[in-house]
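Chain and residue survey
If you want the building blocks of each chain, they are given just below.
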Amino acid sequence: MADLLNTSISGLLAFQRALDVTSHNITNANTPGYSRQLPDFQTRTPQFLGGNWVGSGADVTTVNRAYDNFLSSQARSASSAYNQSNTYATQAARVSNLFGDSTTGLSASMQKFVNALQAVADSPNSSAARQTMLSQAQTLVDRLKGYDSSLKSLDSQVNASISAEADTITSLARGIADLNKQISSGYAQSGQAPNDLLDQRDKLIDELSTHVNVNVVKTDGNQLNVFIGNGQPLVVGGDPAKVVATSDPYDPTRKRLAVQSSVGTIDITGSIAGGSLGGLLNFRTEMLDPARNTIGKLSVALSDVMNDQHNAGMDLNGDLGGDFFAVGDVVVRSHANNTGTAGATVTRTDAGALTNSDYILTNTAGGWSLRRADTGAVVPMTGTGTAGDPFVADGLSIVVSGAAGVGDSLKIMPTTGAVSGMRVLITDPNEIAAAAPIVAQATAGNQGNATISAGEVLNPTNPNLRTATTITFTSATTYQISGDPTVYTYTPGADIDANGWRVEINGTPAAGDSFTVRDNSNGTGDNRNMLLLAGLMNEPVMNNGQTSLSQGIGQFVGDIGVKTNQAQVTAAAQKVVSEEAQDAMQSVSGVNLDEEAANLLRYQQAYMAISQMIRVADTCFQSVLQATGG
């Protein structure tokens, strides 16, 4: 009877433990990160009695988690990818809405300014049209500054978010390291898995993966080492590293990321991927910074072509036009760790050659070298960097000054500061140079049928630009220009350049025919220069003469729209993938209340049956006592 009793007691205790596990599962059915637990029943070592091996009952040897490392890794990776794309898409939508609005967007604002230019071309003497043009010019400048201010605000928000992300990651790393210690202690104490602690640790790692992509490696001591970036250790056993937001060496207001551990501090900004942090960094480098640079580049191009053409015109006062717009200068910043005193004066020499990139100018053992800040690609330069022979590259002239140590560097930002310094220089409507300063006409009495174009200005600074000049044909095929003894061969339609202007003569002239190019002092109603100004939006003045301002604006706004749409589509797709990965993991680890209810009933019935076996053992034992007179 003793064996029957012991066997029954073992079963009673085993099913009691199974009921405890089932109760624990039901209680935590809605606990985030909880993995259902399963009792592991095993038979006890049998006894050899009466020439036979007789079973001695069962034990619950361990309680296992329903957990799949592969599915968990997939879920973390999918969650990290979704949070990265979702963060990127959310931020990108803000930029897209800023520039793509049909009323206040960049294209609409530029078109209103072009319409104002055309209105002056239609009525060059209209004070109202001229005043409207100046108002629209100021509105355009204000709009560009508003864009720049909004982008700066976004940059500040990204910086604040990066700091917050660093603090969150550090806090999670500490929690994981602390749980590593507790789990290791739990294994050492009992030899059993502390399942609830394992769930808590996995939950923290899952949460960490929403902020940054992680790589998890299990150690012999049942601890988990966590790595981020290019393999930088975040948690090694019970030792957590600290992720901190550091200042950019070229710009103290801009945040970067570094890992601080017992072995030192490592910058990880360029290697971070995944999670909301990866989305923020990608948004800054792929959309925010290029958008600021492109707005500056467009502003420089607009200012450059407007000023050149406005200088070539004449205002209502009979004076040559001056610059119409001013823009901010090139920004140059020194690296915080420079050992020398090197500086640089950088000017824009060719707006059409400007790119959307910033540059790093570094003093090496072999001299100065230039590379792109975004890709690191080397940019070839000509010149020696002196005032008399500056470095020239990508539309920039660079004059280096001071003493530089080897490794010292400067960051050159050609267009970032352009918008902040932009302003309208013309305030008097009468100073709008709508007319051309010269006029060309045929002399009365010419015998041939040749005609001359109205003339265009090539160099408004030429001192003889407005001096009356005569073109006289010495024959039907040759001509001379007053003040120049050279006899030129006449080619119909060919350019004739002199004194900073250009004309074209077509037709067949007769010997003695002449044409005069003179000052257009009485031509204040002329609109030739304003027509040229209005047409500048369609002239190929950007990207080395490949793109017009209108095309550049359209490409810029369109590119932002495309990137935003792609990010939103990617985020939607990644959300589906993440949800499917979570569902797959929950199918293994999640608590099914129907299943637990069935287990509860099964274990309860087994428990009751074992209880009856104990009663049977007791009855048998009492019968023996009675039979023996005990």
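Note: the structure precedes this text.
Residues numbered from 1 in each chain as written. Predicted model: local features only at pLDDT ≥ 70, side-chain atom pairs only at ≥ 80, totals over all residues. Heavy atoms only, no water.

**Details of the overall build of the protein chain**
- Of the regular secondary structure elements, the protein chain holds nine helices and 31 strands.
- Against the globule reference of 25 Å for 630 residues, the protein chain gives a C-alpha radius of gyration of 41 Å, more extended than a compact globule.
- Principal-axis analysis of the C-alpha atoms gives the protein chain an extent of 160 × 50 × 40 Å.
- Contacts spanning at least 24 positions in sequence make up 68% of the contacts within the protein chain whose residues lie at least 6 apart. (Helix = DSSP H or I, 4+ residues; strand = E, 2+ residues; numbered from the N terminus. Rg over C-alpha atoms; globule rule 2.2 N^0.38 Å. Contact = heavy atoms within 4.5 Å.)

**Examining the side chain of threonine 269**
- Relative to the elements of secondary structure, threonine 269 occurs in the loop between strand E11 (264-267) and helix H6 (275-311).
- Judged by its relative accessible area of 11%, threonine 269 is buried.
- If we ignore the near neighbours within four places in the chain, the residues touching threonine 269 are Arg256, Leu257, Leu281 and Arg284. (Buried < 20%, exposed > 50% of the residue type's maximum accessible area, 1.4 Å probe, protein only.)

**Details of the pattern of salt bridges**
- The full count for this structure, using the stated rule, is 18 salt bridges.
- The residue arginine 65 makes a salt bridge to aspartate 199 at a minimum N-O spacing of 2.8 Å. Highlighted residues: arginine 65 in strand E4 (residues 58-65) and aspartate 199 in helix H5 (residues 195-209), separated in sequence by 134 residues. For the pair formed by arginine 65 and aspartate 199, the shared burial category is buried.
- Here aspartate 251 ties to arginine 333 by a salt bridge, and the two come within 3.6 Å at their closest N and O atoms. Here the residue aspartate 251 occupies a position in the loop between strand E9 (242-247) and strand E10 (255-261), and arginine 333 occupies one in strand E13 (residues 331-334), the gap between them amounting to 82 residues.
- A relative accessible area of 16% places aspartate 251 in the buried class.
- Three or more residues are tied together by salt bridges with common partners; here these are Arg65, Arg76, Asp199, Asp202 and Asp206. (Salt bridge = Lys/Arg side-chain N within 4 Å of Asp/Glu carboxyl O.)

**With respect to helix H4 (residues 127-190)**
- Compared with an ideal rise of 1.5 Å per residue, which puts 64 residues at 94 Å, H4 spans 93 Å between its outermost C-alpha atoms and is within 8% of the ideal.
- Glycine 191 sits one or two residues past H4 and shows a positive phi near 75°. (Expected span 1.5 Å × (residues − 1).)

**Quick look at the packing of aromatic side chains**
- Counting across every chain of the model gives twelve aromatic pairs.
- With a centroid separation of 5.0 Å and 70° between ring planes, the pair formed by phenylalanine 99 and phenylalanine 556 is classed as edge-to-face. Here phenylalanine 99 is found in helix H2 (residues 69-100), whereas its partner phenylalanine 556 is found in helix H8 (residues 549-589), with 457 residues between them in sequence.
- Where phenylalanine 473 meets phenylalanine 515, the ring centres are 6.0 Å apart and the plane angle is 80°; that geometry is what we call edge-to-face. Of this pair, phenylalanine 473 sits in strand E24 (residues 469-473) while phenylalanine 515 is found in strand E29 (residues 514-519), placing the two residues 42 residues apart along the sequence.
- Residue class for phenylalanine 473 comes out buried when judged on its relative accessible area of 1%. (Phe/Tyr/Trp six-rings, centres within 6.5 Å; stacked < 30°, edge-to-face > 60°.)

**Describing the side chain of arginine 130**
- Here arginine 130 is to be found in helix H4.
- One buried charged residue, arginine 130, forms no salt bridge at all, with the nearest opposite charge on aspartate 315 at 7.3 Å.
- Within the structure, arginine 130 has its side chain in polar contact with the backbone oxygen of proline 124 (distance 2.7 Å).
- Non-local contacts of arginine 130, meaning those with residues more than four positions away in its chain, are made with Val120, Pro124, Leu316, Pro429, Asn430, Ile432 and Ala434. (Lys, Arg positive; Asp, Glu negative; His and termini not counted. Polar contact = N/O pair within 3.5 Å; in protein donor to acceptor, adjacent residues only side chain to side chain.)

**Regarding the layout of surface pockets**
- Considering only enclosed or pocket space, the largest pocket measures out at about 1,100 Å³ in volume.
- Elements with a contribution of two residues or more to the lining of the largest pocket: H4, H6, E13, strand E15 (359-364), strand E16 (367-372) and strand E19 (409-413).
- In terms of residues, the lining of the largest pocket owes the most to one element, H6, which gives eight residues.
- A class-by-class count of the residues in the lining of the largest pocket yields nine nonpolar, 18 polar and 15 charged.
- There is about 510 Å³ of room inside the second largest pocket.
- Residue lining of the second largest pocket: 23 residues in total, with Tyr67, Asn69, Arg76, Asp202 and Leu224 positioned closest to the centre.
- Elements that contribute at least two residues to the lining of the second largest pocket include exactly E4, H2, H5 and strand E5 (215-218). (1 Å grid on protein atoms, 1.4 Å probe; cavity = no way out; pocket = protein on both sides within 12 Å on 5 of 7 lines; lining within 4 Å. Points joined across faces, edges and corners; volume = space filled by probe spheres on them. Nonpolar A, V, L, I, M, F, W, Y, C, P; charged D, E, K, R; others polar.)

**Thoughts on the packing of H6 against helix H7 (residues 528-535)**
- Between H6 and H7, whose axes approach to 10 Å, the crossing angle comes to 170°. It follows from the interaxial angle that H6 and H7 lie roughly antiparallel. Counted together, Met306, Gln309 and His310 of H6 and Asn529, Leu532 and Leu533 of H7 form the full contact between these two elements.
- In terms of residue class, the contact of H6 with H7 is built from three nonpolar, three polar and no charged. (Axes fitted to C-alpha atoms, helices over the stretch in contact; angles between N-to-C directions. Parallel < 35°, antiparallel > 145°, perpendicular 65-115°, else oblique.)

**Observations concerning the nonpolar core**
- Counting residues in each nonpolar core, the largest one holds 86 residues, and the members touching the most others are Phe99, Leu106, Phe113, Leu302, Phe324 and Phe325.
- Broken down by element, this core gets its largest block of residues, 20 residues, from H4.
- Excluding its chain neighbours within four sequence positions, the residues that come into contact with phenylalanine 113 are Met133, Gln136, Ala137, Leu140, Leu302, Met306, Phe324 and Phe325.
- Judged by nonpolar contacts, the second largest core, of 19 residues, contains Ile471, Trp501, Ile505 and Val517. (Core = buried A, V, L, I, M, F, W, Y, C linked by side-chain atoms within 4.5 Å.)

**Describing the sheet that holds E10**
- Across the sheet, which stays open at both edges, the three strands sit in the order E9-E10-E11 with antiparallel pairing between neighbours. Taken across any chain shown, the strands that pair with only one partner, and hence form the sheet edges, are E9 and E11. The average undirected angle you get between the axes of adjacent strands in this sheet is 35°.
- Alignment of E9 against E10, held across six bridges, turns out to be antiparallel. Within E10, the residue paired with alanine 245 across the bridge is leucine 257. (Pairing = 2+ DSSP bridges.)

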